[in-house]
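Here are the chains, one letter per residue:
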There are 2 protein chains.
Amino acid sequence: MDLLKLVYTVSFLTVVIAFAYAVYLHFWVKRQPAENARIREVSGLIHAGANTFMRKEYFVLARFAGIAAILILIFLPGPIWNGNALENISMAAAYLAGTVLSAIAGKIGILVATHANSRAAEGAQRGLKPAFLIGFRGGAVMGLSVVGFCLLGVMAVLMITADASVLLGFSFGASSLALFAKAGGGIFTKTADVAADLTGKVELGIPEDDPRNPAVIADNVGDNVGDVAGMGADLFDSNVAAMASALVMAQALDGGVGANAAMVFCYAAIGLLASIIGIACARVGKNGNPTRALNSSTYSTTILFILLTAAATAFLDGFEWRIWGASSVGLLVGVVIGITTDYFTDDTKPVVRKVAHASQSGPAFTVLSGISYGFISSLPAMVGIAVSALTAYKLCEPLGEGYALFGIAMAAVGMLSIVGMIISNDAYGPIVDNARGLAEMGGLGEETIRVADELDSAGNTVKAVTKGFSIGAAGLTVISLLGAYMSEVNVSLAVQGKELITGFDIMDPTVFFGILIGASVPAVFSAMLMLGVDKNAQKMVQEIRRQFREIAGLKEGKEGVKADYDTCINIATEGALQELIPAGLLAILATVLVGFIGGPLAVGGFLLGNIVSGLLLALFMSNAGGLWDNAKKYIEAGNEGGKGSEAHKAAVTGDTVGDPFKDTAGPSINTQITVVSLVASLLSSLFAAFSLFG
Amino acid sequence: MDLLKLVYTVSFLTVVIAFAYAVYLHFWVKRQPAENARIREVSGLIHAGANTFMRKEYFVLARFAGIAAILILIFLPGPIWNGNALENISMAAAYLAGTVLSAIAGKIGILVATHANSRAAEGAQRGLKPAFLIGFRGGAVMGLSVVGFCLLGVMAVLMITADASVLLGFSFGASSLALFAKAGGGIFTKTADVAADLTGKVELGIPEDDPRNPAVIADNVGDNVGDVAGMGADLFDSNVAAMASALVMAQALDGGVGANAAMVFCYAAIGLLASIIGIACARVGKNGNPTRALNSSTYSTTILFILLTAAATAFLDGFEWRIWGASSVGLLVGVVIGITTDYFTDDTKPVVRKVAHASQSGPAFTVLSGISYGFISSLPAMVGIAVSALTAYKLCEPLGEGYALFGIAMAAVGMLSIVGMIISNDAYGPIVDNARGLAEMGGLGEETIRVADELDSAGNTVKAVTKGFSIGAAGLTVISLLGAYMSEVNVSLAVQGKELITGFDIMDPTVFFGILIGASVPAVFSAMLMLGVDKNAQKMVQEIRRQFREIAGLKEGKEGVKADYDTCINIATEGALQELIPAGLLAILATVLVGFIGGPLAVGGFLLGNIVSGLLLALFMSNAGGLWDNAKKYIEAGNEGGKGSEAHKAAVTGDTVGDPFKDTAGPSINTQITVVSLVASLLSSLFAAFSLFG
């Protein structure tokens with residue numbers, strides 16, 4: 001089929017361009033000056049700490065992935081003794097490929113981020129413009145690689161197996177790795193961050209990133225392993241899941257790999273292309289506003305995507321305008337969700353200022369008002385996801401049976417199309433955050449720190465927008481995964497000669513049973529991660545206090561006296577490794593249990609409950625966390641009493657609560673939802689064959 | 001029909017006994033000595049403050065109820081110009097009856113509680129035994145009246161109209177009043193409590209209930225208007241809703257008022273009887289444990305109910321054992337939910353102690369660990385509700401079409417059957433809490449305060465059990481209300497000649513649209529209430545600080561210098577009156593909007609989303625709040641550093657966050673869910689007739 005060949009070729013070429021550009025940017029970053037010896041030293045410590053953690057984490061994950069691959073080989077898509085060994089082998093191979101590509105994406109992120117941070121710090125000496133460019137281009141390397149690997153991986157699986165349902169295995173590989181990487185990285189980073197803030201800022205009154213604080217290196221390592229590697233794995237997974245579910249449906253519609261599949265690839269490739277152009281054009285003026293620069297790149301990439309896909313739809317045979325509409329609606333709603341999120345978390349807007357003001361009455365008011373606004377902030381995003389799903393469905397319904405759900409899947413693909421740009425913006429944040437720390441530790445002076453602060457603050461604000469995007473996209477993706485689950489179950493039911501499922505009626509008590517249990521899983525999942533942070537941070541706080549007590553001259557900053565950074569890094573590492581598996585495993589086991597107890601209908605309800613409460617909690621936590629962070633920054637900028645005031649202390653408490661909200665639990669819920677949906681789809685044949693009450 | 005007459009007679013007699021016993025207990029309480037002049041004075045202030053607030057609140061509510069009654073008269077069940085004026089009149093009258101009975105129940109609670117508090121305080125001088133009995137019997141007056149009015153009201157409506165669907169109007173009257181009474185009382189009580197704690201305990205280091213604190217009377221008024229009147233209205237509403245939805249279904253099954261309706265009344269009457277016996281037997285030994293006394297009355301009432309209903313089922317014709325099973329399962333699961341809730345909130349159990357221990361590392365850890373355990377605590381209750389719904393459904397399914405849902409409704413009736421006992425336990429709490437305050441303010445000495453403290457702590461612990469009960473019951477009730485909604489919609493659709501609804505399929509994007517929006521409503525609703533507390537408490541904190549600054553000698557406790565209590569009561573009153581309408585109105589308007597935009601299917605989804613996220617958030621907030629409260633008390637008892645330590649300050653912050661969680665937002669969500677379900681049922685004909693995309 002010519003259309004398909006054309007699209008594959010274009011996609012492949014786009015990937016090649018993306019990789020080439022990523023390599024170019026990487027070397028561009030490495031070429032930037034890195035001369036300050038102290039910064040080089042600290043940067044080296046961060047690099048080493050991050051690599052040690054990643055190595056240990058991947059070792060744990062490799063064992064998990066190995067076990068999972070063996071289970072897949074034996075049981076999926078059907079028990080191997082049923083004679084379909086080849087199918088099982090390709091599923092297990094796809095699973096492993098998903099985990100490996102996800103791991104590589106995380107690794108690349110760490111590599112470039114730990115080079116970019118020191119160079120951005122030194123760049124800040126020369127001004128906003130060069131520092132911004134180093135931070136952003138460092139992030140872009142990650143963005144381009146993640147999307148490139150995603151497109152390449154999905155294409156490879158589909159070309160080799162010619163069966164889209166194997167993509168579910170690939171996607172499961174990506175998302176199971178992302179789940180644990182995100183949980184592990186998230187626990188690591190917040191353990192260090194929380195402990196460093198509480199002992200440093202609150203107890204001793206020394207600045208953030210002061211080299212006397214023993215947790216300061218661990219904190220910076222955390223930015224890399226949590227915010228760069230974890231986030232990369234997360235968005236890799238969302239992107240793969242969105243494409244996989246769209247392609248599974250396209251296969252059903254096309255009766256094989258056809259025009260609809262071509263459309264998925266074509267749109268994804270155009271999204272990558274638009275991101276490349278957007279990245280290439282991103283600039284900030286000498287006294288420009290970095291937030292505006294980041295956001296305007298996002299907006300121009302959005303417009304570019306909509307125009308280019310319109311052109312493709314006009315010129316290519318079999319491309320439907322209604323589907324183009326669905327994908328455009330998805331992307332536009334994503335932007336709108338981002339903007340409303342921004343309203344709740346930007347310190348130039350009233351909400352953050354109200355929370356900052358409430359802090360004057362004590363920490364309880366900071367926490368209460370933050371939680372309240374966090375709850376309210378979930379509304380626009382929930383409405384946005386609901387409206388885009390409904391619109392996409394209604395738009396594509398007239399195209400025929402099955403197209404309505406495909407429309408929702410394409411809305412998710414649309415929302416994630418510019419993910420290359422999103423990741424660049426997102427990874428920019430921890431790089432400049434690190435740069436700020438290095439500027440402080442390297443003693444680069446007030447003015448450089450001020451520049452780094454401005455860049456860092458932009459990173460925080462933009463993060464809100466990108467998080468809104470990724471949660472929204474996850475929401476749409478899992479709706480379409482629910483559709484994928486239903487068609488997978490029905491395939492199995494048909495084979496077993498049982499009655500097919502026509503839907504999941506909430507009045508059916510089995511479905512309802514699943515819904516209630518599914519709804520509590522994200523709450524328990526995020527609680528487990530937060531308790532992990534809580535426990536480890538308390539341990540680290542004790543260690544920091546010990547060092548200040550026992551190491552003579554450390555507190556006073558005596559020449560030559562050094563904090564013992566390694567012990568703190570070890571506490572964070574060991575803690576994270578211990579806690580990263582149980583929470584994710586709980587979610588997976590709950591799915592399996594509900595399936596074997598309540599059967600396929602209960603699992604459908606379980607997925608729904610999981611999606612609904614997961615979205616609500618993810619939005620609440622991410623936004624409340626961002627809100628507290630910026631309220632604290634707003635006070636630190638001299639408002640409501642400024643640094644050191646009672647309001648500031650209260651705001652630090654809010655920020656400390658918000659840290660695991662926004663960087664550990666909140667963003668992990670996304671992945672948890674996706675993983676659970678994929679587990680359900682993959683195991684559907686088993687649930688169909690056996691369940692207690694099904 | 002003889003069976004029905006028998007059951008009506010028995011029910012009526014039980015109500016008469018309950019009322020007679022309540023009157024007896026009321027006078028018994030009034031006969032107890034109240035001699036201390038200072039206590040009489042303060043108790044008088046509390047009484048006056050509570051009455052003033054209730055009068056103002058009921059004035060606001062009367063206007064709302066009036067407008068609602070007029071709207072009902074015009075539009076429900078169908079537009080009055082369609083010629084069914086009589087139906088509309090009886091619906092409006094039933095609505096008003098519901099509001100009036102609910103208001104009377106609240107009023108009675110206040111009356112007896114404000115008599116019992118001073119007498120319990122003086123009783124504490126004579127020991128645990130008499131003080132316990134006064135507190136408990138005061139609460140019992142409320143418990144017996146609420147259940148009596150409920151049974152009487154439901155019977156009257158059914159006997160007069162012979163149409164169970166009019167009960168939905170009665171129930172809506174009860175629940176709309178409860179919604180606002182609970183919100184208003186909840187905001188009042190926590191405004192005062194939070195402000196009093198923060199300024200008194202934290203800033204000035206004076207004890208709780210110290211008469212120098214200007215907010216102390218307002219705080220005690222709050223216990224009455226929030227915890228007594230509000231809680232009474234809430235449980236009146238749940239009980240009516242459970243009976244109403246069961247009777248609507250029974251009518252469909254019986255084709256009129258028949259054996260199934262008789263069973264509903266019979267079981268409710270037996271529940272009341274069992275509660276009367278349980279109340280009469282409640283005692284605590286001289287050095288006994290009041291917590292155990294309260295809990296064991298609950299357990300014996302439970303056993304009594306199960307045995308008596310078994311006897312009734314064996315002897316009465318047309319009573320089905322399977323339905324007995326469903327109601328017993330409901331009650332037993334309620335008890336189990338209560339016990340698991342207790343595990344998370346009792347300070348002899350590990351969870352509270354862990355949170356207390358975490359407080360040593362600062363308030364952020366108190367908050368984080370409390371939120372985490374609060375999240376986890378939702379799991380057992382969600383599983384419990386899911387299991388009881390599924391069991392009740394499967395048990396009753398073999399009885400024929402429609403019986404399965406009736407089984408769920410009867411599980412709710414079973415869970416609420418012993419509500420007379422539950423309310424007695426629940427109202428006991430604020431009475432002894434007040435008594436503790438009066439003992440402090442009346443200067444009754446250390447030993448009396450210690451006794452009052454012990455009684456108060458038992459109240460807190462038992463509250464967790466009763467809250468678990470009421471949330472669980474609300475969960476089951478709204479599931480059956482969902483069924484009632486579907487049958488109401490179908491009646492309208494049939495009349496309009498449209499296609500009937502067979503269920504709410506979550507794969508239908510209209511349903512899904514409703515689910516997502518419904519899920520965000522409880523979050524926004526509770527946020528609005530908490531922001532109300534937050535705002536008003538900040539105002540009151542400023543006022544308290546002003547008084548300590550401007551009234552000479554107040555801080556030092558100079559003889560004859562009095563705080564200006566009235567200004568604080570006014571701040572709480574005005575604030576609560578301003579905030580009590582918007583949040584509830586939002587929930588109602590959201591239902592109407594979703595109905596007119598998405599039609600009947602979207603509303604079904606909306607109800608589901610609302611139930612699921614509402615249950616999750618209600619459980620989370622109630623339990624986290626109870627947990628923090630007891631962690632603070634545990635530290636105050638001398639653990640983890642004791643009073644005045646850093647850990648204690650952190651625990652006070654946790655408790656302050658938890659106050660509006662557990663006493664404003666959490667318990668109001670119950671009512672919000674019920675109200676929304678009833679609005680949907682009542683407006684179903686309008687949604688069926690017109691909607692944008694339905």
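About the cut-offs
- Residues numbered from 1 in each chain as written.
- Chains lettered and ligands numbered in written order.
- Predicted model: local features only at pLDDT ≥ 70, side-chain atom pairs only at ≥ 80, totals over all residues.
- Helix = DSSP H or I, 4+ residues; strand = E, 2+ residues; numbered from the N terminus.
- Rg over C-alpha atoms; globule rule 2.2 N^0.38 Å.
- Contact = placed C-beta atoms within 7 Å.
- Core = buried A, V, L, I, M, F, W, Y, C linked by C-beta atoms within 7 Å.
- Buried ≥ 20, exposed ≤ 12 C-beta atoms within 10 Å, placed from the backbone.
- Nonpolar A, V, L, I, M, F, W, Y, C, P; charged D, E, K, R; others polar.
- Least-squares fit on C-alpha atoms with pLDDT ≥ 70 in both.
- Expected span 1.5 Å × (residues − 1).

A.B. asks: Before we move on, could you go through the overall build of chain A and cite the residues and values that matter?
C.D. replies: Along chain A, the regular secondary structure elements total 17 helices and zero strands. Taking 2.2 N^0.38 as the reference for a compact globule, 694 residues should give roughly 26 Å; the C-alpha atoms of chain A span a radius of gyration of 24 Å, in line with that estimate. Overall, the C-alpha framework of chain A stretches about 80 × 55 × 45 Å when taken along its three principal axes. Intrachain contacts of chain A at a sequence separation of at least 6 include 85% that bridge at least 24 residues.

A.B. asks: Break down the nonpolar core for me, with residues and values.
C.D. replies: Core analysis: the largest hydrophobic core is formed by 542 residues, its most contacted members being A389 of chain A together with A389 of chain B. Here A389 of chain B is in contact with P509, F512 and F513 of chain A together with I408, A411, L476 and I479 of chain B, once residues within four sequence places are set aside.

A.B. asks: Talk me through the interface of chain B and chain A; I want residue IDs and the actual numbers.
C.D. replies: Counting residues at the interface gives 61 residues for chain B and 60 residues for chain A. Those elements that place two or more of their residues in the side of chain B that touches chain A are helix 11 (363-396), helix 14 (446-495), helix 15 (509-550), helix 16 (565-636) and helix 17 (646-689) of chain B. The dominant element in the side of chain B that touches chain A, judged by the number of residues it contributes, is helix 11 of chain B, at 19 residues. Residue classes in the side of chain B that touches chain A are distributed as 43 nonpolar, 16 polar and two charged.

A.B. asks: Just give me the short version of the relation of the copies chain B and chain A, but keep the residues and values in it.
C.D. replies: The transformation that overlays chain B on chain A combines an axial shift of 0.0 Å with a rotation of 180 degrees, and the residual RMSD is 0.0 Å. Overall, the copies show the geometry of a two-fold rotation axis. No C-alpha of chain B lies nearer the rotation axis than that of D505 of chain B, which sits 2.1 Å from it. Looking at the interface residues of chain B, 98% of them are also at the interface in chain A, so both copies use one shared face.

A.B. asks: Can you tell me about helix 6 (residues 216-254) of chain A, naming the residues and giving the values?
C.D. replies: All names here are of chain A. Under the 1.5 Å per step criterion, the end-to-end length of helix 6 is 55 Å for 39 residues, consistent within 8% with the ideal 57 Å. The element helix 6 is largely enclosed, with a buried count of 37 among its 39 residues. G255 sits one or two residues past helix 6 and shows a positive phi near 65 degrees.

A.B. asks: Before we move on, could you go through the environment of G472 of chain B and cite the residues and values that matter?
C.D. replies: Residue and element names in this part refer to chain B. As for its placement among the helices and strands, G472 is situated in helix 14. For G472, a count of 29 C-beta atoms within 10 Å puts it in the buried group. Beyond its immediate chain neighbours, meaning those up to four positions away, G472 contacts V333, G334, I337, A381, G384, I385 and M415.

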